[in-house]
Amino acid sequence: MPFIAIILFLGVVILFSSFFTVKQQTAVVIERFGKFQSIRNSGLQLKLPIIDRIAGRVNLRIQQLDVIIETQTKDNVFIKMKVSVQFKVIQEHVYEAFYKLEYPHDQITAYVFDVVRAEVPKLILDDVFVRKDDIAIAVKRELNEAMMAYGYDIINTLVTDIDPDIQVKNAMNRINAAEREKTAAMFESDAQRIRIVAKAKAEAESKKLQGQGIADQRREIAKGLVESVEVLNNVGINSQEASALIVITQHYDTLQAIGADTNSNLILLPNSPQAASDMLNNMVTSFTASSMIGEQMKNQPKRVKDKRKSSTDYNPSDTSNPEEPKK
């Protein structure tokens, strides 16, 4: 009786060991006596107990391998590049992927090193940053040609990091900072030029308006003086007395304005009524003399200069006509 129970127990164990499950996106390789038998996909599967065994499981999902490479550029700058390779096993070629290639990660890493160290030395450092996509495409092309025979499909390759030496990075940062300072200086100079031009235009407009204002002011002052003289003439004051009165009034108004300004400098002016009268007399005398000289110059006849006489013989006070014969 115990023997039968043992046999039944072993039979149940063997029966249950014949069934196994395969996860989604996974393939199982079955061998019989060490020889490839079949490939089982996801789901509940059955194998012969004792005779068949699971040789291995192959992941069919997309995998990523990050490869860090140190290489040299054309301008002798050492950089570290990080290349990310995304790949997967082709479901129809699980056999090749399982039996032909034992360490796929090492194989992919070797090809990435080979391609990157062949492409980067052709480029200077600045071009490496600009043409990193070209490097990634070259890596993918080379890997596809090599790994397709082993049942692997290269989905994509990405150059995710380019890390030059710390001294090179500092130099690049200084160059960038200098360029930005140069650009900022150009913008500041343009802004300064615009401000100067705008200020000059504003000053010119201000002086123009100021000149117009002064001219209008003087015109109105002249009109006011004319009206003042007419009013004084109407009350029996002649023009000379009216002019003297106006000059005296303006004189004392000026003194009052100077005294009212606390910030004015020291100015010495005569403040007696006689001083204003003297000023008026001097002005009248000057105007009268100027008028007489002008009339005399208008009435002076034109002289024909004798060619025989030199410039020293010419007398401007001589009003006689040289063409008339002397009696």
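Note that the structure is a prediction, hence the values are computed from the model and not measured.

J.: When you look at the confidence of the model for the chain in this model, what are you seeing that I'm missing?
T.: Across the chain, pLDDT averages 79, with 73% of residues at or above 70. Low confidence marks residues 309-314, where pLDDT is under 50. Its contacts with residues over four positions away, or in another chain, come to three contacts. Taken as a whole, residues 322-327 scores under 50 in pLDDT and shows three contacts with residues more than four places along the chain or in a different chain.

J.: Just to check I follow, could you spell out the sheet that holds strand β2 (residues 26-32) for this structure?
T.: Across a sheet, strands are paired by hydrogen bonds formed along the backbone, either parallel or antiparallel in direction. Taken in spatial order, the three strands line up as β3-β2-β5 in an open sheet, and their pairing is antiparallel. Looking along the sheet, the strands with just one partner apiece sit at the ends: β3 (35-40) and β5 (52-59). With strand direction ignored, the average angle separating the axes of adjacent strands in the sheet is 30 degrees. Sheet topology note: the β2/β3 ladder contains five bridges and is antiparallel. When the bridges of β3 are listed, R32 appears paired with K35.

J.: Mind showing me how you'd approach the sheet that holds strand β6 (residues 63-72) here?
T.: Read across the open sheet, the three strands follow the order β6-β7-β8; overall the sheet is antiparallel. Only two strands of the sheet have a single partner each, and these edge strands are β6 and β8 (152-164). Averaged over all neighbouring strand pairs, the angle between strand axes comes to 20 degrees, with direction disregarded. The pairing of strand β7 (residues 78-89) with β8 spans eleven bridges and is antiparallel. Residue pairing across strands places Q86 opposite N156, the latter belonging to β8. This element, helix α5 (residues 132-147), spans β7 and β8 of the sheet and lies at about 145 degrees to β8.

J.: Can you help me understand helix α3 (residues 104-119) in this one?
T.: Since there are 3.6 residues in each turn of an α-helix, residues three or four apart along the chain are aligned in direction. Helix length check: α3, at 16 residues, gives a terminal C-alpha distance of 23 Å against a target of 22 Å (1.5 Å per residue), a fit within 8%. Those residues of α3 that sit buried are P104, I108, V112, V115 and V116. The buried residues of α3 occupy an angular sector of 95 degrees when the element is viewed end-on, so they sit on one face. Contacts made by the buried residues of α3 are with β6, β7, α5 and β8.

J.: Just checking my understanding: could you explain the nonpolar core for this structure?
T.: Nonpolar side chains in soluble globular proteins tend to end up buried together. Counting 35 residues, the largest nonpolar core has V112, V116 and I135 as its most contacted members. Counting residues per element, the ones that place at least two in this core are β2, β6, β7, α2 (94-99), α3, α4 (125-130), α5 and β8. Every residue in contact with V116, bar those within four places of it in the chain, is listed here: I69, T71, M81, V83, P121, I135 and V139.

J.: Please clarify how the pattern of salt bridges should be interpreted in this entry.
T.: Applying the stated criterion to the full structure yields four salt bridges. Across the pair R53 and E31 runs a salt bridge whose closest N-O atoms are separated by 2.9 Å. Residue R53 is found in strand β5, and its partner E31 is found in strand β2; the two are separated by 22 residues along the sequence. The salt bridge partner of K132 is D133, with a shortest N-O separation of 3.6 Å. On the accessibility criterion, K132 (30% relative accessible area) is partly exposed.

J.: Would you take a moment to explain the packing of aromatic side chains for this structure?
T.: Applying the stated rule across the entire model yields five aromatic pairs. Seen from their ring centres, Y95 and Y99 are 4.9 Å apart, and the 40 degrees between their planes marks the pair as tilted. Of the two residues, Y95 and Y99 both sit in helix α2, four residues apart, roughly one turn of that helix. Y99 sits in the partly exposed class, given a relative accessible area of 32%. Where F98 meets Y99, the ring centres are 4.9 Å apart and the plane angle is 80 degrees; that geometry is what we call edge-to-face. The class of F98 is partly exposed, set by a relative accessible area of 27%. Three or more aromatic residues joined by ring pairs make a cluster, and in this case those are F36, Y95, F98 and Y99.

J.: How should the side chain of T73 be read in this particular structure?
T.: With respect to the helices, strands and loops of the structure, T73 is situated in the loop between β6 and β7. Side chain to side chain, T73 and D75 meet in a polar contact 2.5 Å long. When near neighbours in sequence (up to four residues on either side) are disregarded, T73 contacts I79, V120, P121, L123, I124, L125 and V128.

J.: Before we go on, may I ask you to explain unusual backbone geometry in this structure?
T.: Glycine aside, the phi torsion of most residues is negative, and most peptide linkages are trans. Not every positive phi belongs to a glycine, and Q25 is a case in point at roughly 60 degrees. Inspection of the secondary structure assignment puts Q25 in the loop between β1 (19-22) and β2. Exposure remark for Q25: the relative accessible area of 36% places this residue in the partly exposed category. The phi dihedral of N76 is positive, around 60 degrees, even though this residue is not glycine. For N76, the position within the fold is in the loop between β6 and β7.

Rules used throughout
- Residues numbered from 1 in each chain as written.
- Predicted model: local features only at pLDDT ≥ 70, side-chain atom pairs only at ≥ 80, totals over all residues.
- Heavy atoms only, no water.
- pLDDT = per-residue confidence, 0-100.
- Contact = heavy atoms within 4.5 Å.
- Pairing = 2+ DSSP bridges.
- Helix = DSSP H or I, 4+ residues; strand = E, 2+ residues; numbered from the N terminus.
- Axes fitted to C-alpha atoms, helices over the stretch in contact; angles between N-to-C directions.
- Expected span 1.5 Å × (residues − 1).
- Buried < 20%, exposed > 50% of the residue type's maximum accessible area, 1.4 Å probe, protein only.
- Arc of directions from axis to C-beta.
- Core = buried A, V, L, I, M, F, W, Y, C linked by side-chain atoms within 4.5 Å.
- Salt bridge = Lys/Arg side-chain N within 4 Å of Asp/Glu carboxyl O.
- Phe/Tyr/Trp six-rings, centres within 6.5 Å; stacked < 30°, edge-to-face > 60°.
- Polar contact = N/O pair within 3.5 Å; in protein donor to acceptor, adjacent residues only side chain to side chain.

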